[in-house]
Amino acid sequence: MDGAVAWILMVSAIIVFVVGVETKARVCYFGPPPEADPDNPDDWMEQVMREIRERCPGTKKHTSVYECSSPEPLGLENGTVTDDHITSSSHQGNFPARDGRLNNNVAWVAQWGDTNPWIEVDLIDSTVVCGVITQGYYMYTHYVTQYQVAYQKQPSSVPEHVTDGNGDIKVFIGNTNANGNTPVTNRFDESMVATVVRIEPTDWETVAALRLELLGCRLN
């Protein structure tokens, strides 16, 4: 069997997997495969899958193999995530990252002049994360109106961002003047597995201030 035939058979098998519930698989990808990088086989497979989805528009959208049937809070509000596993880019005097817990009496408040604020949660173990709940700081008109979510699969991994259905970095709508103290829940288009999750405010009222909870389920 030559390389071209082997390639077509492999792609056909992948399409059957991607299509899933369709009763008949169809081959709609022909041509040479992307140049393989032996040092990054996962990146090569992702490229193959991306090209298949682009050239086979009738296939179903790829979804994560990790899903939570009943997403639950991951431990910020109830203290399961300890103070030393919540960090931030900066904080004002009495408003450190550890206070950025949903429904806390205080909140995390970024330092004045911090133009790229963030608050990060170290979940320690690999965890399925599928959403975020945010609140502003009710004592003042301090709240985040928009934010992005970055994550690391392992502490040493390169950070990635949660994306939308088009593969662009997703910008989530947070709190507004009408609901600064009301929890606002945003679910991801696709769950991800992470050990570290970072909330990156991109727009805010007065100053970036957050109380939050992560939603998902533990793998173990």
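Residues numbered from 1 in each chain as written. Predicted model: local features only at pLDDT ≥ 70, side-chain atom pairs only at ≥ 80, totals over all residues. Heavy atoms only, no water.

Going by an unreviewed UniProt entry, the chain carries the name F5/8 type C domain-containing protein and comes from Patiria miniata.

**Q** What is the right way to look at the pairing of strand β9 (residues 209–218) in this model?
**A** Moving residue by residue along a regular strand, the side chains alternate between the two faces of the sheet. Of all the ten residues making up β9, eight are buried; the element is thus mostly covered by neighbouring parts of the structure. As defined by bridge partners, strand β1 (residues 72–73) adjoins β9 across two bridges and the pair is classed as antiparallel. Counterpart to P73 in the pairing with β9 is L215. As paired elements, strand β3 (residues 108–109) and β9 share two bridges and run antiparallel to each other. Bridge pairing in β9 places V109 opposite A209. In terms of strand pairing, strand β4 (residues 119–135) meets β9 through eight bridges, oriented antiparallel. Of the residues in β9, the one forming a bridge with I133 is E213. (Buried < 20%, exposed > 50% of the residue type's maximum accessible area, 1.4 Å probe, protein only. Helix = DSSP H or I, 4+ residues; strand = E, 2+ residues; numbered from the N terminus. Pairing = 2+ DSSP bridges.)

**Q** Please clarify how the pattern of salt bridges should be interpreted in this entry.
**A** Side chains that differ in sign of charge can pair as their charged atoms come close. Scanning the model with the defined rule gives three salt bridges in all. The partner of R198 in a salt bridge is E120, and the shortest N-O contact between them spans 2.8 Å. Of this pair, R198 sits in strand β8 (residues 184–205) while E120 is found in strand β4, placing the two residues 78 residues apart along the sequence. According to the relative accessible area criterion, E120 is buried, its value standing at 15%. (Salt bridge = Lys/Arg side-chain N within 4 Å of Asp/Glu carboxyl O.)

**Q** It is not clear to me how the pairing of strand β5 (residues 143–152) should be interpreted in this structure. Could you clarify?
**A** Taken across its ten residues, β5 has nine buried, putting it largely inside the fold. Sheet topology note: the β5/β8 ladder contains nine bridges and is antiparallel. The residue of β8 that forms the bridge with Q146 is D203. With two bridges joining them, β5 and strand β6 (residues 160–161) adopt antiparallel strand pairing. Its bridge partner being in β6, A150 is matched across the sheet by H161.

**Q** Can you walk me through the state of the cysteines in this structure?
**A** Taken as a whole, this structure holds one disulfide when the rule is applied. One disulfide in the model links C68 with C217; its S-S distance is 2.1 Å. Around the S-S axis, the bridge from C68 to C217 shows a dihedral of about -85° and counts as left-handed. Here C217 lies in strand β9 and C68 lies in the loop between α2 (41–55) and β1, a separation of 149 residues in the sequence. Left without a disulfide partner, C130 is nearest to the cysteine sulfur of C68, which lies 4.6 Å away. Given the relative accessible area of 2%, C130 is considered buried. (Disulfide = S-S within 2.5 Å.)

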